[in-house]
Amino acid sequence: MSVKILAIESSCDETSASVLADGKILSNFIANQTIHEQYGGVVPELASRAHQENIVPVVDQALKVAGVRKDELNAIAFTQAPGLIGSLLVGSCFAKSMALALDIPLIAVHHMQAHVLANFIGDEKPSFPFLCLTVSGGHTQIVRCDSPLQMKVIGETLDDAAGEAFDKSAKLLGLPYPGGPLIDKYAREGNPDRFKFPEPQIPGLNFSFSGLKTSILYFLQEQQAKDPQFTENNMADICASIQHRIVSILLNKLAKASRETGIKQIGIAGGVSANSGLRTALQQYGEKYGWKTYIPKFEYCTDNAAMIAMTAWYKYQAGEFVGLDAVPGARAGFDHQ
């Protein structure tokens, strides 16, 4: 009998639903929230309200495109943590209600585990053990994966995440929110070697981006004091130089993790993995160090329900279900070594 799972992702400012059948994604719909742009960041209360408006039509569309009726579903999955608590509550309450009404199991998914397993959507999947650099607006981690459900964080940021470094740098440059994709856009036209920003010397496999952000601030203040038009006239080179440093910080630590573990199955995941500079550099590092590299398709990098569905597929096979008393968490932890 075919196993069909409906998955819901509502951890931040995207409402997404996906339908999976026997490990294959049949549909993946995302409703983006543009209301936050005028505030320069996500406003939690507005995000929750938008999820309430979007969740029914998004789920309906995902089922229609997949050609699956509600009574054919075998389980409902939802993002349990981490994320904005109000947003998580909308998704979890909807999933619980639907699972209760259909009398089918409920599967709770950790958002960061799902980002890692986005690498398993599609025909070419990593073999185990596998290292994954997960980079998003709120997280930067190196995760060792020994099986789909057995993961350990072996390195993480001590302060800002890579996505925050991109967005905060963009704000210093006067770019609108979300700034990360705009830095990527300008960087394609710039010289990454024109301006030199420091690479922090953090022991082990951990990261730090707060010092880089401060050095960018001081650099811009110094240059603008000499020439008020400096940023505007050098935007492409500045963005290329900032992106080059963030990417080198990420991949030099990933290379160290590969050397220490001996693992050469390497992937990236999370919203920042959509960055063209990071994607290109990963392939270059792969050629240099003999890695087999994996990068999810663009639509599976940012927050999406397909990665929740893929994680739920492995949990369903393992019989990992939760009750209606499952509680969402804003900062629920991930396995650490």
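Quick caveat: nothing in here was measured; it's all calculated off a predicted structure.

## Here's the deal with the pairing of strand 4 (residues 75-81)
For strand 4, a buried count of six out of seven residues is recorded, marking the element as mostly surrounded by other parts of the structure. Judged from the four bridges that link them, strand 1 (residues 4-9) and strand 4 form a sheet pairing that is parallel. Note that in strand 4 the partner of isoleucine 5 across the bridge is alanine 75. With five bridges joining them, strand 4 and strand 5 (residues 106-110) adopt parallel strand pairing. Across the sheet, threonine 79 pairs through a bridge with valine 109, a residue of strand 5. Crossover connection from strand 4 via helix 2 (residues 85-102) to parallel strand 5: handedness right-handed.

## Brief notes about the domain arrangement of the protein
Here the domain parsing of the protein yields domain 1 (4-117 + 300-318) and domain 2 (124-295). One C-alpha centre belongs to domain 1, the other to domain 2, and the line joining them spans 27 Å. Of the residues lining the interface, 16 residues belong to domain 1; the matching set on domain 2 comes to 19 residues. Taken together, the two surfaces of domain 1 and domain 2 that pack against each other cover about 1400 Å², and 76% of this comes from carbon and sulfur. On the domain 1 side of the interface with domain 2, the three residues burying the most area are Met112, Val116 and Cys301, jointly 41% of the side's total.

## Observations concerning the packing of helix 6 (residues 210-226) against helix 8 (residues 235-261)
A packed helix pair is summarised by two numbers, namely the angle formed by the two axes and the spacing between the axes. Closest axis-to-axis distance for the helix 6/helix 8 pair is 12 Å, and the angle between their directions is 165 degrees. As the angle between them shows, helix 6 and helix 8 are arranged roughly antiparallel. Both helix 6 and helix 8 take part in a crossing whose hand is right-handed. Of the residues in helix 8, those touching helix 6 at Leu212, Ile216 and Leu220 are Ile238, Ile242, Arg245, Ile246 and Ile249. The residue inventory of the contact of helix 6 with helix 8, partitioned by class, reads seven nonpolar, no polar and one charged.

## Topic: the sheet that holds strand 10 (residues 292-294)
As summarised here, the arrangement of the five strands in space is 8-7-6-9-10, forming an open sheet in which the pairing is mixed. With one partner strand each, in any of the chains shown, strand 8 (150-156) and strand 10 form the two edges of the open sheet. On average, adjacent strands in this sheet sit at an angle of 25 degrees to one another, irrespective of strand direction. Across the sheet, helix 8 is in contact with strand 6 (130-135), strand 7 (140-147), strand 8 and strand 9 (265-269); its angle to strand 6 comes to roughly 160 degrees.

## Side note on a nonpolar patch on the surface
Taken together, the side chains of Leu172, Leu217 and Tyr218 make up a nonpolar region of the molecular surface, amounting to roughly 260 Å² of accessible area. Mapped onto the elements of the fold, leucine 172 is located in helix 4 (residues 162-172). Assessed through its relative accessible area of 31%, leucine 172 is described here as partly exposed.

## Quick word on the packing of aromatic side chains
Applying the stated criterion across every chain yields a total of 13 aromatic pairs. The interplanar angle of 75 degrees and the centroid separation of 5.7 Å between the aromatic rings of phenylalanine 219 and phenylalanine 230 together place this pair among those described as edge-to-face. In this pair, phenylalanine 219 is assigned in helix 6 and phenylalanine 230 in helix 7 (residues 230-233), connecting sequence segments 11 residues apart. Taken as a pair, phenylalanine 219 and phenylalanine 230 share a single burial class, namely buried. Joined through ring pairs, the aromatic side chains of Phe120, Phe128, Phe130, Tyr294 and Tyr314 make up one cluster. We note arginine 279 situated over the ring of phenylalanine 298; from NZ or CZ to the ring centre the distance is 4.1 Å.

## Some thoughts on the packing of helix 4 against helix 6
Close contact between helix 4 and helix 6 brings their axes to 10 Å; oriented N to C, the two are set at 15 degrees. Comparing their axes, helix 6 and helix 4 come out roughly parallel. Once helix 4 is placed against helix 6, the crossing between them reads as right-handed. Mapping the contact onto sequence places Lys168, Ser169 and Leu172 in helix 4 and Lys213, Ile216, Leu217 and Leu220 in helix 6.

## Thoughts on the UniProt feature "binding site: substrate" (unreviewed entry) in the protein
Residues given the UniProt feature "binding site: substrate" (unreviewed entry) here are Thr134, Val135, Ser136, Gly137, Gly138, Asp167, Gly180, Asp184 and Asn275. Relative to the elements of secondary structure, threonine 134 occurs in strand 6. Other than its neighbours up to four places away in sequence, threonine 134 contacts Met112, Val116, His139, Thr140, Gln141, Val143 and Ala269. Its location among the elements puts asparagine 275 in the loop between strand 9 and helix 9 (276-289). Judged by its relative accessible area of 6%, asparagine 275 falls in the buried class. Sequence-distant contacts of asparagine 275, defined by excluding residues within four places in its chain, comprise Phe166, Asp184, Gln243 and Val247. Among the polar contacts made by the side chain of asparagine 275, one reaches the main-chain amide nitrogen of leucine 278 at a distance of 2.9 Å.

## With respect to helix 4
Taken as a whole, helix 4 has its buried residues at Ala162, Gly163, Ala165, Phe166, Ser169 and Ala170. For helix 4, the angular spread of buried residues about the axis comes to 165 degrees, placing them on one side. Looking at the buried side of helix 4, the elements it contacts are strand 6, strand 7, helix 5 (180-187), helix 6 and helix 8. Phi turns positive, to about 80 degrees, at glycine 174, one or two residues after helix 4.

Rules used in this analysis
- Residues numbered from 1 in each chain as written.
- Predicted model: local features only at pLDDT ≥ 70, side-chain atom pairs only at ≥ 80, totals over all residues.
- Heavy atoms only, no water.
- Buried < 20%, exposed > 50% of the residue type's maximum accessible area, 1.4 Å probe, protein only.
- Helix = DSSP H or I, 4+ residues; strand = E, 2+ residues; numbered from the N terminus.
- Pairing = 2+ DSSP bridges.
- Right-handed = clockwise from strand over helix to strand, strands pointing away.
- Domains from an automatic or database assignment.
- Contact = heavy atoms within 4.5 Å.
- Buried area = accessible area lost by both parts, 1.4 Å probe.
- Axes fitted to C-alpha atoms, helices over the stretch in contact; angles between N-to-C directions.
- Parallel < 35°, antiparallel > 145°, perpendicular 65-115°, else oblique.
- Left-handed = near helix turned anticlockwise from the far one by under 90°.
- Nonpolar A, V, L, I, M, F, W, Y, C, P; charged D, E, K, R; others polar.
- Patch = residues over 30% accessible without salt bridge, like charges linked within 9 Å, V, L, I, M, F, W, Y side chains within 5 Å.
- Areas by Shrake-Rupley, 256 points an atom, 1.4 Å probe, with all protein chains shown as cover.
- Salt bridge = Lys/Arg side-chain N within 4 Å of Asp/Glu carboxyl O.
- Phe/Tyr/Trp six-rings, centres within 6.5 Å; stacked < 30°, edge-to-face > 60°.
- Lys NZ or Arg CZ within 6 Å of the ring centre and 35° of its normal.
- UniProt positions renumbered as here; feature names shortened; annotations may be inferred.
- Polar contact = N/O pair within 3.5 Å; in protein donor to acceptor, adjacent residues only side chain to side chain.
- Arc of directions from axis to C-beta.

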